[in-house]
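A structural walkthrough
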Amino acid sequence: MQTTWKGTISFGLVSIPVHLYSATQEHDVPLHQVHAKDGGRVRMKRYCEQEEKEVPYAEIAKGYESPDGRTVTLSDEDLADLPLPSKKIIDVLAFVDATEIDPLMFSKAYYVGVADKAAAKPYALLRDALMESGQIAVTKIALRTRESPAVLRVHDGTLVLQTCIWPDEVRPAAGIAPEENVTVRPQELKMARSLMDTLSEDFDLSQLHDDYQQALQQVITARLEGVEIPHEEEPGEAPDNVIDLMEALRSSLKQAKGGRAPAAEREEPEEEKPAPRKRAAPKKATAAKSTTAKTAAAKKASPAKKTTTRKSTAPRKAS
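The structure displayed is predicted, hence computed values, not measured ones.

Topic: the overall build of the protein
The secondary structure content of the protein amounts to seven helices and 12 strands. Counting across all 319 residues of the protein, residues that qualify as buried make up 19%. Considering only intrachain contacts with a sequence separation of at least 6, the fraction spanning at least 24 residues in the protein is 59%. Total accessible area on the protein is roughly 25,600 Å²; 54% of this is exposed by carbon and sulfur atoms.

Now the structure itself:
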């Protein structure tokens, strides 16, 4: 694995010589620019406006144009000699809980490896201290032409340096979320939590794959073989479930459970029943009660008549 940065972690008076290695890699399908008319390769050339000719990469430097139009040229030596301590030292500034750093600030991750055998002991000390405390270390580091805040944390028994953006580089979210007051009923929240639990059952993040890259590769293969390009079916109109949110939650939960009705729907609380049914319920109960009373009275009266008849007919049978 290629080394990205070499330096030292400064942990109080403890120094740990380390190397950084890129912890992630992207698997994009390599595409380049071509002329749409004939497929000719389009290349970017470095062109000097002063001499009106192409210049080699070795003669390229960085420059800055001031507001008044003046240009300052900076060579690689100028950038390498910047008076910046974080160029070669990762100075641990503090230890905080991981929840104190907003994940929105996280950027690129690097594995931290020891530079020599002597660094193994202090490396393990810092790693074990972070694991035992459950905290992360806040640091600063200069990579290439940028200084960034960073955090040191542990992943699979290895120290990881995660660069961050500066707090003032996070844009405010004011005005994006709905500003009006929205009331969420307890039944809706309960159904949403049930749907969350159902969708999370047996979830394995490692099983996710890049559908876009797979579809792009299918199109490229079809072009190379001269066959018809596969097309996705036209998606239907998105259902308008903003009004009947509860019904959308029920359908989603039923689908997630494989067609089985959700328990929250089978045991629906009384508050979910329509209001007219509640007002009509007492009338039905009164009517049923009066009908039952009349029936019971009729039953009591009927046996009394039968008993009288039997007594009157008994002497006839005897004679």
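Alright, that's what it looks like, and here's the rest.
Some details on helix 4 (residues 211-225)
Compared with the 21 Å implied by 1.5 Å per residue over 15 residues, the 21 Å span of helix 4 between its first and last C-alpha is a close match. Burial in helix 4 covers these residues: Gln213, Leu216 and Ala222. Its side-chain oxygen at 3.1 Å from the backbone nitrogen of Tyr212, Asp210 defines the N-terminal cap of helix 4. Following helix 4 by one or two positions, Gly226 adopts a phi angle in the positive range, close to 70°.

A word on unusual backbone geometry
Positive phi values are uncommon outside glycine, yet Glu52 reaches one of about 55°. The residue Glu52 is located in the loop between strand 3 (47-48) and strand 4 (53-54) in this model. Among the residues examined, Glu52 registers a relative accessible area of 59% and is labelled exposed. Non-glycine residue Asp202 carries a positive phi angle of around 60°. Tracing the chain through its elements places Asp202 in the loop between helix 3 (186-200) and helix 4.

Thoughts on the packing of aromatic side chains
One pass over the structure, following the stated rule, counts one aromatic pair. When the centroid spacing of 5.7 Å and the interplanar angle of 75° are considered together, the rings of Phe11 and Phe95 count as edge-to-face. Here Phe95 lies in strand 8 (residues 94-97) and Phe11 lies in strand 1 (residues 3-11), a separation of 84 residues in the sequence. Overall, Phe95 belongs to the partly exposed group, its relative accessible area being 33%. The cationic tip of Lys108 hangs over the ring face of Tyr110; the distance from NZ or CZ to the ring centre is 5.8 Å.

Examining the packing of helix 3 against helix 5 (residues 245-256)
Each pair of packed helices gets described by two things: the angle between the helix axes and the distance between those axes. The contact between helix 3 and helix 5 brings their axes to 10 Å, and the two run at 20°. Accordingly, the angle class assigned to the pair helix 3 and helix 5 is roughly parallel. Both helix 3 and helix 5 take part in a crossing whose hand is left-handed. Each of Gln187, Glu188, Met191, Ala192, Ser194, Leu195, Thr198 and Leu199 in helix 3 lies in contact with helix 5, whose residues at this interface are Leu245, Met246, Leu249, Arg250, Ser252, Leu253 and Ala256. Residues belonging to the contact of helix 3 with helix 5 are distributed by class as follows: nine nonpolar, four polar and two charged.

Brief notes about a nonpolar patch on the surface
On the surface, Tyr64, Val72 and Leu74 cluster together into a nonpolar patch covering about 270 Å² of accessible area. Within the secondary structure layout, Val72 lies in strand 6 (residues 71-74).

As for the pattern of salt bridges
Summed over the entire model, instances satisfying the criterion amount to seven salt bridges. Across the pair Arg185 and Glu188 runs a salt bridge, and its minimum N-O distance is 3.4 Å. Residue Glu188 is classed as buried on the basis of its relative accessible area of 12%.

What to know about helix 3
For helix 3, with 15 residues, the first-to-last C-alpha span of 21 Å sits near the 21 Å given by 1.5 Å per residue. Every buried residue belonging to helix 3 is among Gln187, Glu188, Met191, Leu195 and Thr198, and all of these are buried. The buried residues of helix 3 occupy an angular sector of 100° when projected down its axis, which confines them to one face. Opposite the buried face of helix 3, by more than 90 degrees, sit the exposed residues Pro186, Leu189 and Lys190.

Focus on the pairing of strand 2 (residues 14-22)
Where strand 1 and strand 2 come together, eight bridges link them in antiparallel fashion. Residue pairing across strands places Gly7 opposite Val18, the latter belonging to strand 2. The loop that links strand 1 with its antiparallel partner strand 2 comprises two residues; one of these, Gly12, has a positive phi angle of about 65°. Pairing analysis gives five bridges linking strand 2 to strand 9 (residues 106-114), with the strands arranged antiparallel. Within strand 9, the position partnered with Ser22 by the bridge is Tyr110.

Details of the side chain of Gln213
Following the sequence through the fold, Gln213 ends up in helix 4. Aside from chain neighbours lying at most four places away, what touches Gln213 is His27, Asp28 and Val29.

Reading the values: the criteria
Residues numbered from 1 in each chain as written. Predicted model: local features only at pLDDT ≥ 70, side-chain atom pairs only at ≥ 80, totals over all residues. Heavy atoms only, no water. Helix = DSSP H or I, 4+ residues; strand = E, 2+ residues; numbered from the N terminus. Buried < 20%, exposed > 50% of the residue type's maximum accessible area, 1.4 Å probe, protein only. Contact = heavy atoms within 4.5 Å. Areas by Shrake-Rupley, 256 points an atom, 1.4 Å probe, with all protein chains shown as cover. Expected span 1.5 Å × (residues − 1). Polar contact = N/O pair within 3.5 Å; in protein donor to acceptor, adjacent residues only side chain to side chain. Phe/Tyr/Trp six-rings, centres within 6.5 Å; stacked < 30°, edge-to-face > 60°. Lys NZ or Arg CZ within 6 Å of the ring centre and 35° of its normal. Axes fitted to C-alpha atoms, helices over the stretch in contact; angles between N-to-C directions. Parallel < 35°, antiparallel > 145°, perpendicular 65-115°, else oblique. Left-handed = near helix turned anticlockwise from the far one by under 90°. Nonpolar A, V, L, I, M, F, W, Y, C, P; charged D, E, K, R; others polar. Patch = residues over 30% accessible without salt bridge, like charges linked within 9 Å, V, L, I, M, F, W, Y side chains within 5 Å. Salt bridge = Lys/Arg side-chain N within 4 Å of Asp/Glu carboxyl O. Arc of directions from axis to C-beta. Pairing = 2+ DSSP bridges.

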